[in-house]
Amino acid sequence: INSFKQDKILTGKRVLVSAGGTSEVIDPVRLLTNRSSGKMGTSLANAAAALGAAVTLVTTKDLPTLPAVKIDHVSSAQEMATAMANHFQQADIIIMAAAVADFRPEHTSNQKIKKQDNSTTLDLHLVQNTDILAKLGQKKNASQYVAGFAAETTNLVANAKTKLAHKNADLIIANSVDNGRGFDQPNNKVTLLTNSKQIELADQDKLTLAFEILTFIQQEQSK
Ligand code: CTP
Ligand code: CA
């Protein structure tokens, strides 16, 4: 990180980032989760701190961070929603990089779910989680910049544009997750989408990418 000889372009800015996949509790020994490593969100938090911002990272993971990054550790989507709402008002730039579980088990069992003698199947009933990004997009004021990701296996740009509009975000960072690409890997290839721009960035390591994304956001926000 120190080898980046960038100006501290985010000095005075407060950046709020979410990272990692959420885990939804099924019973005391089982979770419903996903393949997100937390690398992209943690890289964004570290890059923002290196660029001079005051950073809060709401994360489900324990990856190394710069001392300047404040950590709020969460596990479930509901915990993440609460944490993001708590920090939101004090943030100038908000980036939802977390892979939030779309669904959680409707009921969490207090006891370990046992196999039944009379059945070889188990029905797990799931209910939808709150869309955190959409909620923050609705709440944002004129000076707040809200960004999210779009993980797609098909129709990357079209699907990402729909998310940009539906979630009232300023920026969607679209990445292809076909064949697990983008998840749990050092590199990522993304397209930046705003209401007026579509910029394809090079396939590069997540920290370098984080600097590029933050530089773009800083330029957009200062217009
Ligand atoms: N997101 C969120 N809360 C959710 C689900 C998603 O804040 N409950 C955020 C993600 O952090 C990401 C963006 O919304 O920044 C898009 O997530 P994605 O999974 O690509 O899209 P969804 O809106 O969940 O739609 P789908 O998974 O059906 O494509
Ligand atoms: Ca989703």
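Reading guide: rules and limits
Residues numbered from 1 in each chain as written. Chains lettered and ligands numbered in written order. Predicted model: local features only at pLDDT ≥ 70, side-chain atom pairs only at ≥ 80, totals over all residues. Heavy atoms only, no water. Donors = N, O, S within 2.8 Å, 3.2 Å for Na, K, Ca; no water. Helix = DSSP H or I, 4+ residues; strand = E, 2+ residues; numbered from the N terminus. Core = buried A, V, L, I, M, F, W, Y, C linked by side-chain atoms within 4.5 Å. Buried < 20%, exposed > 50% of the residue type's maximum accessible area, 1.4 Å probe, protein only. Contact = heavy atoms within 4.5 Å. Salt bridge = Lys/Arg side-chain N within 4 Å of Asp/Glu carboxyl O. UniProt positions renumbered as here; feature names shortened; annotations may be inferred. 1 Å grid on protein atoms, 1.4 Å probe; cavity = no way out; pocket = protein on both sides within 12 Å on 5 of 7 lines; lining within 4 Å. Near = heavy atom within 4 Å. Polar contact = N/O pair within 3.5 Å; in protein donor to acceptor, adjacent residues only side chain to side chain. Areas by Shrake-Rupley, 256 points an atom, 1.4 Å probe, with all protein chains shown as cover. Sits in = over half its atoms within 2 Å of the grid points. Patch = residues over 30% accessible without salt bridge, like charges linked within 9 Å, V, L, I, M, F, W, Y side chains within 5 Å.

Right, let's get into the coordination of the calcium ion (ligand 2). Coordination of the calcium ion (ligand 2) by the protein involves Asp102 (OD) and Asp102 (OD), with metal-donor separations of 2.4 to 2.5 Å. Positionally, Asp102 belongs in the loop between β6 (93-96) and β7 (103-105).

The next subject is the nonpolar core. Core analysis: the largest hydrophobic core is formed by 35 residues, its most contacted members being Leu44 and Ile213. Elements represented by at least two residues in this core include exactly β1 (14-19), α1 (39-50), β4 (54-59), β6, β9 (145-152), β10 (171-176), β12 (190-193) and α5 (206-221). The greatest single-element share of this core, amounting to eight residues, is contributed by α5. Among all residues touching Ile213, those that are not within four sequence positions of it are Met40, Leu44, Ile173, Leu192 and Leu201. Listed in part, the 22 residues of the second largest apolar core include Ala91, Met96, Leu133 and Ala150.

Turning our attention to the pattern of salt bridges. Counted according to the given criterion, the structure contains eight salt bridges. In this structure, Asp131 and Lys167 form a salt bridge, with 2.6 Å as the shortest nitrogen-oxygen distance. Here Asp131 is found in the loop between β8 (126-128) and α3 (132-139), whereas its partner Lys167 is found in the loop between α4 (156-166) and β10, with 36 residues between them in sequence. The closest approach of N and O atoms between Lys197 and Glu220, which form a salt bridge, is 2.5 Å.

Once that is clear, we can look at the UniProt feature "binding site: CTP" (unreviewed entry) in the protein chain. Within the UniProt annotation, "binding site: CTP" (unreviewed entry) is assigned to Asp102, Lys112, Phe149, Lys163 and Lys167. The greatest C-alpha distance among the residues just named is 37.5 Å, and with 66 residues of sequence between them they are spread in space as well. Of the annotated positions mentioned, Asp102, Phe149, Lys163 and Lys167 line the largest pocket. Within the element layout of this structure, Lys112 appears in the loop between β7 and β8. Once you skip the residues sitting within four places of it in the chain, Lys112 turns out to touch Asp27, Pro28, Val29 and Arg30. Position of Lys163 among the secondary structure elements: in helix α4.

Moving on to the site of ligand 1. Taken together, the neighbourhood of ligand 1 is formed by 14 residues, with Ala98, Thr130, Leu133, Lys163 and Lys167 sitting nearest. The backbone of Ile132 places a nitrogen or oxygen atom 3.0 Å from a nitrogen atom of ligand 1. In isolation ligand 1 exposes 570 Å². Once the protein is present, 76% of that is buried. According to the grid-proximity analysis, the pocket containing ligand 1 is the largest pocket. Within the residue set of the shell around ligand 1, elements represented by two or more residues are α3 and β9. In terms of residues, the shell around ligand 1 owes the most to one element, β9, which gives four residues.

Time to look at α3. For α3, every residue scored as buried is listed here: Ile132, Leu133, Ala134, Leu136 and Gly137. Those residues of α3 hidden inside the fold are in contact with α2 (77-88), β6, β9 and β10. Of the residues that open α3, the one with a side-chain oxygen 3.2 Å from the backbone nitrogen of Leu133 is Asp131.

On to a nonpolar patch on the surface. Side chains of Phe103, Leu124 and Leu126 sit close together on the surface and give an oily, nonpolar patch of about 240 Å² of accessible area. Structurally, Leu126 can be placed in strand β8. Judged by relative accessible area, Leu126 falls into the partly exposed class, the value being 34%.

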